[in-house]
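Residue-level structural notes
What follows is the residue order along each chain.
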Protein chains: 2
Amino acid sequence: MGSPTSIVRNMHYPLRVYIDKYAATTISDADFELVQKAFAFKRYKKGQYMLQEGEVCKYIAFILQGSMRQYSVDAKGGEHILHFGIENWWIGDRESLTMLTPSRYNIEALEDTEVLLITSENLQYLSTNLPAIGKMISMMDQRNFIASQKRIHDALSLTAEERFLELLKHHPDFLQRFPQTMLASYLGITAETFSRIRKKALK
Amino acid sequence: MGSPTSIVRNMHYPLRVYIDKYAATTISDADFELVQKAFAFKRYKKGQYMLQEGEVCKYIAFILQGSMRQYSVDAKGGEHILHFGIENWWIGDRESLTMLTPSRYNIEALEDTEVLLITSENLQYLSTNLPAIGKMISMMDQRNFIASQKRIHDALSLTAEERFLELLKHHPDFLQRFPQTMLASYLGITAETFSRIRKKALK
């Protein structure tokens, strides 16, 4: 207790819980040692960037504490939020990471944030060599795909008000945690519309 | 040549090419026999449904010939197209298939269409027992995820005109193949806006 090793172990503990949950198995201590070695701990101060537009994304981050947003900036300077990331979520530009193409996104810490970073090579290595990680990645991909389909469907077919209600239903914590202007951007509506709908819905 | 076996083999041939391409390997004859047994051939006439809203999706389809659309209908009767499927593409409601929940989507043949159908259980079996299929599914999931991110980003941040130009760039064949009203629905814009933009862009 209190030795450097146990501190490292505690730091990675949420990742271990996450792996066990999504791999539907219990990862062995020996395998988890490999996982720990493959992830690098990093702190971002609020407002710091993990990725900036035009860079190649080098890491996927598992968020231990804090929150981030992934957004693009259009030709007129408008910001469009593709994702928020909170504790136990992953964030990164998979396309840039895999294809080694410059990213169109920025990833910024919205609070002081602690993450575990992994490179594409290390993720590939773990995925190939540790069945639990391979299984976890399959499950993550599937869940991501399903969530993405829902998001596309909502963006195409729901009214602004319906999108707000979906957000309220699935992520009520976001409404406490993130500014209204960001939530509006995430839903693809103006801040004015967001404010009007929110007042009406929360009455 | 000409025996029933070789006919079956020809029918499944596009799937074999697809597997070899996305698994970045060459699947053996013995393994491909298992693949063939796991897929059922089916023909849909134009206008027939592979899936209707409220049903649990039982299959994912690999399209050999023809085209399909996956769409939802909103409370006001408006149709929203989430996906088109053409030759060598997959179509199905992954969420409903995996979670066994009633689908919110309809999948309809837009032309006379020939597909190979596979159940979730058979796909899981192949994925676990044939490394090439496991690899192919990982690659598909990754590509789907990347494509979905792009679609969400485009829906949130691009103007109607920019979305049309992206479609023209990536799927020029869609403009010949599908009615304008469907393409408008796919892009999340009105048929009038679509028609105006199309005329302007193709001048």
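The rules behind the values
Residues numbered from 1 in each chain as written. Chains lettered and ligands numbered in written order. Predicted model: local features only at pLDDT ≥ 70, side-chain atom pairs only at ≥ 80, totals over all residues. Helix = DSSP H or I, 4+ residues; strand = E, 2+ residues; numbered from the N terminus. Buried ≥ 20, exposed ≤ 12 C-beta atoms within 10 Å, placed from the backbone. Contact = placed C-beta atoms within 7 Å. Nonpolar A, V, L, I, M, F, W, Y, C, P; charged D, E, K, R; others polar. Pairing = 2+ DSSP bridges. Axes fitted to C-alpha atoms, helices over the stretch in contact; angles between N-to-C directions. Core = buried A, V, L, I, M, F, W, Y, C linked by C-beta atoms within 7 Å.

All names here are of chain B. When you line up the elements, Ser185 lands in helix α8 (residues 180–187). When the 23 C-beta atoms within 10 Å are taken as the criterion, Ser185 is described as buried. As a C-alpha pair, Ser185 and Ile81 span 104 residues in sequence and 5.6 Å in three-dimensional space. Leave out the neighbours within four places in its chain, and Ser185 touches Glu79, His80 and Ile81.

Quick look at the interface of chain B and chain A now. In this assembly, 21 residues from chain B lie in contact with 21 residues from chain A. Counting residues per element, the ones that place at least two in the side of chain B that touches chain A are β5 (79–85), α3 (94–99) and α5 (131–157) of chain B. Tallying contributions element by element places α5 of chain B first for the side of chain B that touches chain A, with 13 residues. Residues that form the side of chain B that touches chain A fall into these classes: six nonpolar, 10 polar and five charged.

Quick look at the sheet that holds strand β5 (residues 79–85) of chain A now. Strand order across the open sheet formed by four strands is β2-β7-β4-β5 (chain A), with antiparallel pairing between neighbours. Looking at the sheet topology across the chains shown, the edges are occupied by β2 (49–51) and β5 of chain A. Strand-to-strand twist in this sheet, taken as the mean axis angle between neighbours without regard to direction, amounts to 30°. With four bridges joining them, strand β4 (residues 68–73) of chain A and strand β7 (residues 106–109) of chain A adopt antiparallel strand pairing. Residue Tyr71 of chain A lies in a different strand from β7 of chain A, and its bridge partner there is Asn106 of chain A. Of the strands in this sheet, β4 and β5 of chain A are in contact with helix α8 (residues 180–187) of chain A, which crosses β5 of chain A at around 100°. Packing of α5 of chain B onto the sheet brings it into contact with β4 and β5 of chain A, and relative to β5 of chain A it is tilted by some 135°.

This paragraph deals with the nonpolar core. Core analysis: the biggest nonpolar cluster contains 89 residues, and Ala61 of chain A together with Ala61 of chain B have the highest contact counts within it. Those residues in contact with Ala61 of chain A that sit more than four places away from it in its chain are Met50, Trp90, Ile91, Gly92, Val115, Leu116 and Leu117 of chain A.

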